[in-house]
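Coordinate analysis (summary)
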Amino acid sequence: EVELKHVALAKGLLMLGADCGTAIINGVPLGFANVVPRGRVGLAAASGTGLQEVCCLIAAAGEGISQAIGVGGRDLTDEVGGLMMAQAVEILAADPATEVIGVLGKPPGPRTWQRLQTQLLQLRKPCVVHFPRLVSAADVTWYAAATLEEAALGAVALVRGMRPTPIESTRPREEIARCIEDATRPMHPRQRFVRGIYAGGTLAFEALSLLQAKLPNVCPGMLGGGEGHSVVDLGEDRFTLGRPHPMIDGTLRREWIRKAAEEPSTAVILLDVILGYSAHANPAGELLPSIQQATRQAQAAGRHLAVVASVCGTEHDPQRRSDQVNALRAHGVIVMPSNAQAARLAAGIAAHLAGER
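Report follows, based on the coordinates. (Residues numbered from 1 in each chain as written. Predicted model: local features only at pLDDT ≥ 70, side-chain atom pairs only at ≥ 80, totals over all residues. Heavy atoms only, no water.)

1. With respect to the overall build of the protein
In terms of helices and strands, the protein carries 12 helices and 13 strands. Since a compact globule built from 357 residues should have a radius of gyration of about 21 Å, the 20 Å found for the protein is in line with a globular shape. Each of the three principal axes of the protein carries a C-alpha extent, and together these read 60 × 45 × 35 Å. Across the 357 residues of the protein, 57% fall into the buried class. A sequence separation of at least 24 residues applies to 73% of the contacts in the protein between residues at least 6 apart. Surface summary for the protein: the accessible area is close to 14800 Å², and the carbon and sulfur share equals 54%. (Helix = DSSP H or I, 4+ residues; strand = E, 2+ residues; numbered from the N terminus. Rg over C-alpha atoms; globule rule 2.2 N^0.38 Å. Buried < 20%, exposed > 50% of the residue type's maximum accessible area, 1.4 Å probe, protein only. Contact = heavy atoms within 4.5 Å. Areas by Shrake-Rupley, 256 points an atom, 1.4 Å probe, with all protein chains shown as cover.)

Encoded structure:
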């Protein structure tokens, strides 16, 4: 990867990826990408599904994307050194169609972050930065967003000449509290834990970070079965070796959903549903049989299972976001407007159970 990126730089080119399958270049979607309008926000991301989430939330807010450059999930490690991220930011800074720049991904290596900060401080365009768990200095010139959703809405605010503000939920507090109460009331006393079963790596990382901020004993990369909450990214290499990515084929995820339902301690199954080009033609429909089986299985054992999801997509995607949302809600799934809000609701349900018991 490093060698290829040096070749690209020597030729004045971008190398998109690896380990990140999303880009929209001059309005052309590449790989896992969504149908979003052209607009004034340019994004550079060491992330695939994180880039999709931000693109879709910007579109939902009524703005569009000038360029969405996926530089690769490993690009910001100190081993790669942010070679393509630096190139992407430079391109967006020079792009006349880009008025606001967004930079996002998993937390960069310390040396890479130092170099990237120096570059960002020299930008003459407004900028939003989102790296989970990474705290920026107080005197930075960019807006540091806590979540992917906040990054999207922060970019929208900046492009409209407004000041970005932190956001936890777009739903009224009373509605969230009522949803938590309705979900927890019929649960068995042994039910306590959130099981996040994800197809998108950055979405899984965001959910893990948000759960860890609000709950004790949150573990990555495992189903659970013990005294703790868990989030697994089934798009990791260890799960996709010799099989399609879960955004294309949900077979493995359906198995994990059924296994999670078998655990007496499972209270919430937390899911991402990702739309767009290259994704499954009907991801909600593909998962619903296992979700129905899981809820029936729990009911037969005297338990109530809460299934919480977010749908990353737009109305113009081949799968049509509203159709996917309606299908999930018709079968009792609680669908939230973003991955961050879904994770926070799942954490709220678990916290409520812990407080009661």
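This is not the end of the story, as more comes after the structure.
2. Quick word on the side chain of Ser265
Inspection of the secondary structure assignment puts Ser265 in the loop between α9 (251-262) and β11 (266-274). A polar side-chain atom of Ser265 sits 3.1 Å from a polar atom in the side chain of Arg195. (Polar contact = N/O pair within 3.5 Å; in protein donor to acceptor, adjacent residues only side chain to side chain.)

3. A word on the pattern of salt bridges
Tallying each qualifying case throughout the model produces 16 salt bridges. Ionic pairing is found between Asp182 and Arg185, a salt bridge with its closest N-O pair at 3.1 Å. A residue is classified by how much of its surface remains accessible, and Asp182, at 40% relative accessible area, is partly exposed. Here Arg185 falls in the exposed class, since its relative accessible area comes to 54%. With a shortest N-O distance of 3.4 Å, Arg320 and Glu315 are connected by a salt bridge. With a relative accessible area of 38%, Arg320 lands in the partly exposed category. (Salt bridge = Lys/Arg side-chain N within 4 Å of Asp/Glu carboxyl O.)

4. With respect to the side chain of Asp78
Examined against the element boundaries, Asp78 turns out to sit in the loop between β4 (65-70) and α3 (83-94). Separated by 2.8 Å, the side chains of Asp78 and Thr112 make a polar contact. Beyond its immediate sequence surroundings of up to four residues, Asp78 is in contact with Gly109, Pro110, Arg111 and Thr112.

5. Comments concerning the nonpolar core
In terms of nonpolar packing, the biggest core is built from 62 residues, with Leu43, Ile58, Leu270, Val308 and Ile349 touching the most fellow members. With nine residues, helix α12 (residues 339-356) is the largest single contributor of residues to this core. When sequence neighbours within four positions are dropped, the list of residues in contact with Ile58 reads Val41, Leu43, Glu63, Gly64, Ile65, Ala152, Ala155 and Val156. Judged by nonpolar contacts, the second largest core, of 27 residues, contains Ile257, Ala261, Val273 and Ala298. (Core = buried A, V, L, I, M, F, W, Y, C linked by side-chain atoms within 4.5 Å.)

6. As for helix α6 (residues 173-184)
In this model α6 runs 17 Å from its N-terminal to its C-terminal C-alpha over 12 residues, within 8% of the 16 Å that 1.5 Å per residue would give. Of all the residues in α6, the buried ones are Ile176, Ile180, Ala183 and Thr184. Buried residues in α6, looked at end-on, bunch into an arc of 90 degrees, giving them a common side. (Expected span 1.5 Å × (residues − 1). Arc of directions from axis to C-beta.)

7. So, the environment of Arg190
Following the sequence through the fold, Arg190 ends up in the loop between α6 and β8 (193-198). A sequence separation of 76 residues divides Arg190 from Thr266, and the C-alpha atoms of the two residues are 8.3 Å apart.

8. Topic: the environment of Val41
Structurally, Val41 can be placed in strand β3 (residues 38-46). We classify Val41 as buried; its relative accessible area is 0%. Separated by 238 residues in the primary sequence, Val41 and Ala279 place their C-alpha atoms 24 Å from one another. Excluding residues within four positions of it along the chain, Val41 makes contact with Ile58, Gly64, Ile65, Ser66, Gln67, Val100, Ala155 and Val159.

9. Considering the environment of Ala23
Of note, Ala23 is situated in strand β1 (residues 22-25). Taking the C-alpha atoms as reference, Ala23 lies 8.1 Å from Gly48; in sequence the two are 25 residues apart.

10. Here's the deal with the packing of α3 against helix α4 (residues 110-121)
Here α3 crosses α4 at 5 degrees, and the two axes come no closer than 11 Å. In terms of their interaxial angle, α3 and α4 are classed as roughly parallel. The segment α3 lies against α4, with Met85, Ala86, Val89 and Glu90 engaging Leu116, Gln119 and Leu120. (Axes fitted to C-alpha atoms, helices over the stretch in contact; angles between N-to-C directions. Parallel < 35°, antiparallel > 145°, perpendicular 65-115°, else oblique.)

11. So, the sheet that holds β8
The strand order β9-β10-β8-β11-β12-β13 describes an open sheet built from six strands, whose pairing is parallel. With partners counted over all chains shown, the strands left at the sheet margins are β9 (218-220) and β13 (334-336), one partner each. Each strand axis lies, on average, 20 degrees off the axis of its neighbour in the sheet, ignoring direction. In the packing of helix α7 (residues 201-214) onto the sheet, contacts are made with β8, β9, β10 (229-233) and β11, and the angle to β10 comes to roughly 165 degrees. (Pairing = 2+ DSSP bridges.)

12. Digging into a nonpolar patch on the surface
Taken together, the side chains of Leu16, Val28 and Leu30 present a nonpolar region at the surface, about 220 Å² in accessible area. One can find Leu16 in the loop between α1 (2-10) and β1. (Patch = residues over 30% accessible without salt bridge, like charges linked within 9 Å, V, L, I, M, F, W, Y side chains within 5 Å.)

13. Brief notes about the packing of aromatic side chains
The full count for this structure, using the stated rule, is three aromatic pairs. Arranged with centres 5.5 Å apart and planes meeting at 80 degrees, the rings of Trp113 and Phe131 form a pair that is edge-to-face. With Trp113 in helix α4 and Phe131 in the loop between β6 (127-130) and β7 (143-144), this residue pair connects regions lying 18 residues apart in the sequence. Among the residues examined, Trp113 registers a relative accessible area of 8% and is labelled buried. Measuring from ring centre to ring centre gives 6.1 Å for Trp113 and Trp142, while their planes differ by 70 degrees; the resulting arrangement is edge-to-face. Of this pair, Trp113 sits in helix α4 while Trp142 sits in the loop between β6 and β7, placing them 29 residues apart in sequence. Owing to a relative accessible area of 6%, Trp142 belongs among the buried residues under this scheme. (Phe/Tyr/Trp six-rings, centres within 6.5 Å; stacked < 30°, edge-to-face > 60°.)

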